[in-house]
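# Residue-level structure breakdown
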Amino acid sequence: MNQVAVVVHEGKLAALRGDDPRDLLRWALRARGEPAPKLYPTSSGDAGGAAARAALAEGARLVVVCGGDGTVSACAAVLAGSGVPMAVVPIGTGNLVARNLGIPQDPAAAVQIAVDGADRAVDVGRLDGAVMVGMAGVGLDAAMVHDAPHWLKRRVGWPAYVVSLFRHLADRGFTATVEVDGERTRYRHVRSVVVGNVGGLHGGLSLFPDAEPDDGVLEVAVLAPRTALGWVPVAGSLLRGRGRGRGRDRDRDRSSAVERRRGRHIVVSGQHPLRREADGEPLADGPVLDVVVEPAALLLRVDPAGVSDPA
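In this numbering scheme, every chain counts its residues from 1 along its sequence in written order. Residues qualify for local features only when their pLDDT is at least 70, as the model is predicted, and side-chain atom pairs are given and counted only at 80 or more; totals for whole chains, interfaces and linings, by contrast, use all residues. Excluded from the side-chain calculations are hydrogens and water; all other atoms, namely the structure's heavy atoms, are used.

## Structural notes on the pairing of strand β9 (residues 183–190)
With six bridges joining them, strand β8 (residues 174–180) and β9 adopt antiparallel strand pairing. Bridging across to β9, Ala176 finds its partner in Tyr187. At least two bridges found by DSSP between two strands is the condition for calling them paired. Secondary structure counts use DSSP, requiring at least four H or I residues in a row for a helix and at least two E residues in a row for a strand, with both numbered from the N terminus. Following β8, the chain reverses through two residues before pairing antiparallel with β9; Asp181 in that reversal takes a positive phi of roughly 50°.

## Here's the deal with the pattern of salt bridges
Here a salt bridge means any side-chain nitrogen of Lys or Arg lying within 4 Å of a carboxyl oxygen belonging to Asp or Glu. In this structure the tally under the stated criterion is 14 salt bridges. The shortest N-O distance in the salt bridge between Lys38 and Glu58 comes to 2.5 Å. In this pair, Lys38 sits in strand β2 (residues 38–41) while Glu58 sits in the loop between α3 (49–57) and β3 (62–67), placing the two residues 20 residues apart along the sequence. Buried, partly exposed and exposed residues are distinguished by accessible area as a fraction of the type maximum, computed with a 1.4 Å probe on protein chains only: under 20%, between the cut-offs, and over 50%, respectively. Residue Glu58 is classed as partly exposed on the basis of its relative accessible area, which comes to 44%. A salt bridge links Arg276 to Asp128, with the nearest nitrogen and oxygen atoms 2.9 Å apart. Note that Arg276 is positioned in strand β14 (residues 265–278) and Asp128 in the loop between β5 (118–127) and β6 (130–132), a separation of 148 residues in sequence. Each of Glu10, Asp20 and Arg22 takes part in one network of salt bridges that share partners.

## Concerning the packing of α3 against helix α4 (residues 69–79)
Two elements in contact, α3 and α4, have axes separated by 8 Å at closest approach and are oriented at 40°. Looking at the two axes, α3 sits oblique to α4. Relative to α4, α3 is oriented so that their crossing is right-handed. Contacts from Gly49, Ala52, Arg53 and Leu56 of α3 reach α4 at Ala74, Cys75, Val78 and Leu79. Amino acid classes used here: Ala, Val, Leu, Ile, Met, Phe, Trp, Tyr, Cys and Pro are nonpolar; Asp, Glu, Lys and Arg are charged; the rest, including Gly, are polar. Classifying every residue of the contact of α3 with α4 by side-chain character gives six nonpolar, one polar and one charged. Structural elements are reduced to axes, namely lines fitted to C-alpha atoms, with helices fitted over the stretch in contact, and the angle between N-to-C directions of any two is expressed from 0 to 180 degrees. By the definition adopted for this analysis, an angle is roughly parallel if under 35 degrees, roughly antiparallel if over 145, roughly perpendicular if from 65 to 115, and oblique otherwise. By convention, the crossing between two helices is left-handed when the near helix turns anticlockwise from the far helix through less than a right angle, and right-handed when the turn is clockwise. Residue contacts are defined here by distance: any two heavy atoms, one from each residue, within 4.5 Å place the two residues in contact.

## Quick look at α4
Here α4 lies mainly inside the structure; ten of its eleven residues are buried. Restricting attention to buried positions, one finds in α4 the residues Asp69, Gly70, Thr71, Val72, Ser73, Ala74, Cys75, Ala76, Val78 and Leu79. Looking one or two places after α4, you find Gly81, whose phi comes out positive at around 85°.

## A few points about the environment of Val64
Along the chain, Val64 falls in strand β3. Not counting chain neighbours up to four residues away, the residues in contact with Val64 comprise Val4, Ala5, Val6, Val7, Leu25, Ala87, Val89 and Ala114.

## What to know about the state of the cysteines
For the purposes of this analysis, a disulfide is any pair of cysteine sulfur atoms at a distance within 2.5 Å. Using the criterion set out here, one finds zero disulfides in the structure. The closest cysteine sulfur to the non-disulfide-bonded Cys66 is located on Cys75, 9.9 Å from its own sulfur. For Cys66, a relative accessible area of 3% gives the class buried.

## A look at the confidence of the model for the chain
Averaged over the chain, the pLDDT score is 86; the fraction of residues at 70 or greater is 84%. Note that pLDDT drops below 50 for residues 243–247; the model gives that stretch 15 contacts with residues more than four away or on any other chain. pLDDT under 50 marks residues 307–311. Its contacts with residues more than four places away, or in other chains, come to 16 contacts. Looking at any residue, its pLDDT shows the predictor's confidence there, from 0 to 100.

Right, dumping it as structure tokens:
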């Protein structure tokens, strides 16, 4: 396993209670007769990409990412296509990618998978010079990411996004064109469009029940309730985990104003600049979200027992 690199978001680490994941990894490697890992901290100007590039340049054979979805995404943008596996010790706010791929939230258990797990080749979505491992979107979900209070995220974690979500439930809808593998559809009264490589949300919700991170396609959901109350049946649909059904290209749940599609190239465009996000990180507002799947591009270290749904 020589050499193991650790890309660590020290800001997230400072708020972590319990054992330091860096110490846990050092002890686990020592027990295997392996040398200590080399540390590559992120910085205010680097979410993890520069650290991951430095690790690769210095011969890393495994990159362990200690951070949240933003750090995971930044490192994945560098490691995709390299053949060097990435392990994740989730210490961020959302940790959506880790939850969907069955990586434990407990640092000790996640470190054990980092040293003893199996490598799974998963897809990534390419967009704006970056990658998406979990989900990206425009509209409500992006506004939620942009406006979640930082102090609350540090104190309570992902429930901070719920506070931001309720602030934007009554936002006005917009008109959007969604192009899936060249087939364009125009939608009105859109509140959010989400592109996903995984399906589970927090709180037991499932936006894409049929999503698989290694099936070579991306999922897209258009959420278009006409009123704030229209979000009630949408939430019910997500709680039920209602899916498209494997093998179908389009599913519309008229009771909840949700339409799901799937494809390899997803382009979402609006008449005006849209709020955008990818893997829980804000992107600059823009009129287009263009995501292309890159199948099996990223080797991700996971539990050999398989992938579980997020709790």
